[in-house]
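This is what each chain is made of:
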Amino acid sequence: EKMKKELLVCETPTITSFPSVAHTFAMLEQRFNTLNWLFNNYIQLVVFPPVIHEISGYFLDILSGIEGIHCYALCPFLDYFIMDKNMLNKKWNSTTNFLIDMIDQDFYVSYWLDRKYTLKNRNNANEKLNPALIYGYDTDRKAFYTLDFYENGKYQRKDIGKSQPD
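Because the structure is a prediction, the values reported are computed rather than measured.

**Considering the overall build of the chain**
Alright, step 1. In terms of helices and strands, the chain carries five helices and seven strands.
Alright, step 2. Mapped in sequence order, the helices and strands of the chain form the string β-α-α-β-β-α-α-β-α-β-β-β.
Alright, step 3. Split into buried and exposed, the 166 residues of the chain put 40% on the buried side.
Alright, step 4. Taking the contacts inside the chain whose residues are at least 6 apart along the sequence as the reference set, 46% of them involve residues at least 24 apart.

**Things to note about the packing of aromatic side chains**
Alright, step 1. Going through the model one piece at a time under the given rule, you end up with five aromatic pairs.
Alright, step 2. Both rings, one in tryptophan 37 and one in phenylalanine 77, keep their centres 6.3 Å apart while their planes meet at 85°; by these two values the pair is edge-to-face. Remark: phenylalanine 77 occurs in the loop between strand 3 (59-62) and helix 3 (85-91) and tryptophan 37 occurs in helix 2 (residues 35-41); sequence separation between them is 40 residues.
Alright, step 3. For tryptophan 37, a relative accessible area of 17% puts it in the buried group.
Alright, step 4. Between the aromatic rings of tryptophan 92 and phenylalanine 98, the centroid separation amounts to 4.9 Å while the plane-to-plane angle is 75°, which identifies the pairing as edge-to-face.
Alright, step 5. In this structure, lysine 91 is placed above the aromatic ring of tryptophan 92, and the distance from its NZ or CZ to the ring centre is 5.3 Å.
Alright, step 6. Above the ring of tyrosine 145, the side-chain terminus of arginine 157 is found at 4.3 Å from the ring centroid.

**Some details on the environment of lysine 85**
Alright, step 1. Looking at the element boundaries, lysine 85 is found in helix 3.
Alright, step 2. Spatially, the C-alpha atom of lysine 85 lies 8.9 Å from that of threonine 95, the residues being 10 residues apart in sequence.

**Looking at the pattern of salt bridges**
Alright, step 1. The tally for this structure, following the rule as stated, stands at seven salt bridges.
Alright, step 2. Arginine 157 serves as the salt-bridge partner of glutamate 6, at 3.1 Å between the closest nitrogen and oxygen. Here glutamate 6 is found in strand 1 (residues 4-6), whereas its partner arginine 157 is found in strand 7 (residues 155-161), with 151 residues between them in sequence.
Alright, step 3. Judged by relative accessible area, glutamate 6 falls into the partly exposed class, the value being 44%.
Alright, step 4. What makes arginine 157 partly exposed here is its relative accessible area of 27%.

**A few points about the pairing of strand 6 (residues 143-149)**
Alright, step 1. For strand 6, a buried count of seven out of seven residues is recorded, marking the element as mostly surrounded by other parts of the structure.
Alright, step 2. Side chains of strand 6 alternate between two faces, with Ala143, Tyr145, Leu147 and Phe149 and Phe144, Thr146 and Asp148 buried alike.
Alright, step 3. Relative to strand 6, strand 5 (residues 129-138) runs antiparallel, the two being bridged by five bridges. Bridged to leucine 133 within strand 6 is leucine 147.
Alright, step 4. The sheet contact formed by strand 6 and strand 7 spans seven bridges and is antiparallel. Residue pairing across strands places threonine 146 opposite lysine 158, the latter belonging to strand 7.
Alright, step 5. Adjacent in sequence and paired antiparallel, strand 6 and strand 7 are bridged by five residues, among which asparagine 152 carries a positive phi angle near 60°.

Thresholds applied
Residues numbered from 1 in each chain as written. Predicted model: local features only at pLDDT ≥ 70, side-chain atom pairs only at ≥ 80, totals over all residues. Heavy atoms only, no water. Helix = DSSP H or I, 4+ residues; strand = E, 2+ residues; numbered from the N terminus. Buried < 20%, exposed > 50% of the residue type's maximum accessible area, 1.4 Å probe, protein only. Contact = heavy atoms within 4.5 Å. Phe/Tyr/Trp six-rings, centres within 6.5 Å; stacked < 30°, edge-to-face > 60°. Lys NZ or Arg CZ within 6 Å of the ring centre and 35° of its normal. Salt bridge = Lys/Arg side-chain N within 4 Å of Asp/Glu carboxyl O. Pairing = 2+ DSSP bridges.

In structure tokens, the structure reads:
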């Protein structure tokens, strides 16, 4: 059975400084009456030490204003969930099926992809993992539609093969 689905995104969001911010603006800019909330809440940057996030180096993001609460948890236009791979594996037999199921339920997914599979010049992949926004799929082409900082560090769309997220 051939299927495809693509959720609404802005491929050129107003702010593309960091993945979490770029993805949020990509999801919300096309929706009615979200810009006022975005520009009134995305105003203060914060740097988290590596002990908070299990990635190498420091992590720059937007401050929510309430300690211990992530800024996305306060956005009235988003339902924000964090899942670990163990939880995913209990219900879905593959990452591909999980992503298709989420998109079919109108959820965007931020998923850490290995850059050696997503960049043309793999030798320039300074970071091994980067969070891509997955917002659609095409089973006929065996591809997911993603947004991330791909070639030359530009925030752009890239269709990736279904085997890559696993």
